[in-house]
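Structural overview for review
If you want the building blocks of each chain, they are given just below.
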Amino acid sequence: MTPRFLTGTVLKRRSFREEDRFITIFTDELGKVELLAKGSRKATSKLAGILEPATRIRVGMVRGRSFDRLTSARALTVYPALKASLTATVTVGMLLQAVDLVTAREHPDLLMAAFLRTALHELDTGTAGPLVLGRGLFVILHAGGLKPELARCERCSRDLAVDESASLNLTTGGFLCSRERPPFTTVRVSAATRAVLQQLEAGQHEADGEAVRTALPIVGRLFEALVERPLTSLRLFPLLQQG
């Protein structure tokens, strides 16, 4: 069977049996695919250093009855500086997990593919920090058809004042104004932090770095509420706040 060749970014990998792995790749051509890489767990496998998350690769694939199979792989960009930085590694790990949570298999999205390339390049060259993660989580939400309402109370539909703090509902991902009694599953968000969230959602580059760093945990909790699935890498946010 003639293989089809795809180019993309490795999102994750998981062990399968004693010698194999499943590799999840977000490709330019097909969107997210999962391929069985036979023998890739062997110590002598030439694929061992190629199929790492946050690596841009060119792969061959063939369709299978049970699993699609990887036939070849070649690293295009390995981003060495990114993987040498703890802060950058943590950041890209969160972005890759977020993409995996939101995207469906074989649903092409050229904007998402371009975002991944840009984010990895910025993190590898050190030209961006928390801003990449904050903006990136909103980009991923929008790609999944999820648009948070940051400026209106979800209960009374009143527009929130610019200087008004609000409560983030961790169940729905909406905000409650100061007039509404919040349920137990809420986090208080200051007006300043809410303004940073709006800047990040709009993709603005002038957001203050320290303010973005402070807002990142809120962005993560908002993402979890809207996606309705846990972002397990949230526990690593303290590392970003220190970096």
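Check the entry above for the structure.
Read on for an overview of the structure. (Residues numbered from 1 in each chain as written. Predicted model: local features only at pLDDT ≥ 70, side-chain atom pairs only at ≥ 80, totals over all residues. Heavy atoms only, no water.)

**A short note on the packing of helix α3 (residues 110-125) against helix α4 (residues 130-143)**
- For the pair α3 and α4, interaxial distance at closest approach is 11 Å and the crossing angle is 170°. Here α3 is positioned roughly antiparallel relative to α4, judged by the angle of their axes. Across from Met112, Phe115, Ala119, Glu122 and Leu123 in α3, the residues of α4 making contact are Val132, Arg135, Gly136, Val139, Ile140 and Ala143.
- Classifying every residue of the contact of α3 with α4 by side-chain character gives eight nonpolar, one polar and two charged. (Axes fitted to C-alpha atoms, helices over the stretch in contact; angles between N-to-C directions. Helix = DSSP H or I, 4+ residues; strand = E, 2+ residues; numbered from the N terminus. Parallel < 35°, antiparallel > 145°, perpendicular 65-115°, else oblique. Contact = heavy atoms within 4.5 Å. Nonpolar A, V, L, I, M, F, W, Y, C, P; charged D, E, K, R; others polar.)

**Concerning the nonpolar core**
- By size, the foremost hydrophobic cluster in this structure holds 52 residues, and its most contacted members are Leu95, Phe138, Ile140, Phe175, Leu197 and Phe223.
- Put simply, the parts of the chain that give this core at least two residues each are α2 (86-102), α3, α4, β6 (166-169), β7 (175-176), α5 (191-201) and α6 (209-227).
- Looking at which element gives the most residues to this core, the answer is α2, with 10 residues.
- Sequence-distant contacts of Phe223, defined by excluding residues within four places in its chain, comprise Ala98, Leu101, Val102, Leu137, Ile140, Leu141 and Leu231. (Core = buried A, V, L, I, M, F, W, Y, C linked by side-chain atoms within 4.5 Å. Buried < 20%, exposed > 50% of the residue type's maximum accessible area, 1.4 Å probe, protein only.)

**What to know about the pattern of salt bridges**
- Counting across every chain of the model gives 17 salt bridges.
- For Arg56, the salt bridge identified is with Asp28, shortest N-O distance 2.7 Å. You can see Arg56 sitting in strand β4 (residues 56-62) and its partner Asp28 sitting in the loop between β2 (20-27) and β3 (31-37), a full 28 residues away along the chain.
- Put simply, Lys32 and Asp100 hold a salt bridge, and the shortest N to O gap is 3.1 Å. A residue pair is termed long-range when its members are at least 10 positions apart, and Lys32 in strand β3 and Asp100 in helix α2 qualify at 68 residues.
- Its relative accessible area of 8% is what places Lys32 among the buried residues.
- With a relative accessible area of 15%, Asp100 lands in the buried category.
- Several salt bridges converge on common partners, so that one network encompasses Lys12, Lys32 and Asp100. (Salt bridge = Lys/Arg side-chain N within 4 Å of Asp/Glu carboxyl O.)

**Some points on the packing of aromatic side chains**
- On inspection of all chains with the given rule, the structure shows three aromatic pairs.
- For the pair Phe16 and Phe67, a centre-to-centre distance of 5.6 Å together with 70° between the ring planes defines the contact as edge-to-face. Of this pair, Phe16 sits in strand β1 (residues 4-16) while Phe67 sits in the loop between β4 and β5 (69-77), placing them 51 residues apart in sequence.
- Seen in terms of ring centroids, Phe22 and Phe67 are 5.0 Å apart; in terms of plane orientation they differ by 65°. Their pairing is edge-to-face. Linking Phe22 in strand β2 with Phe67 in the loop between β4 and β5, this pair joins segments that are 45 residues apart in sequence. (Phe/Tyr/Trp six-rings, centres within 6.5 Å; stacked < 30°, edge-to-face > 60°.)

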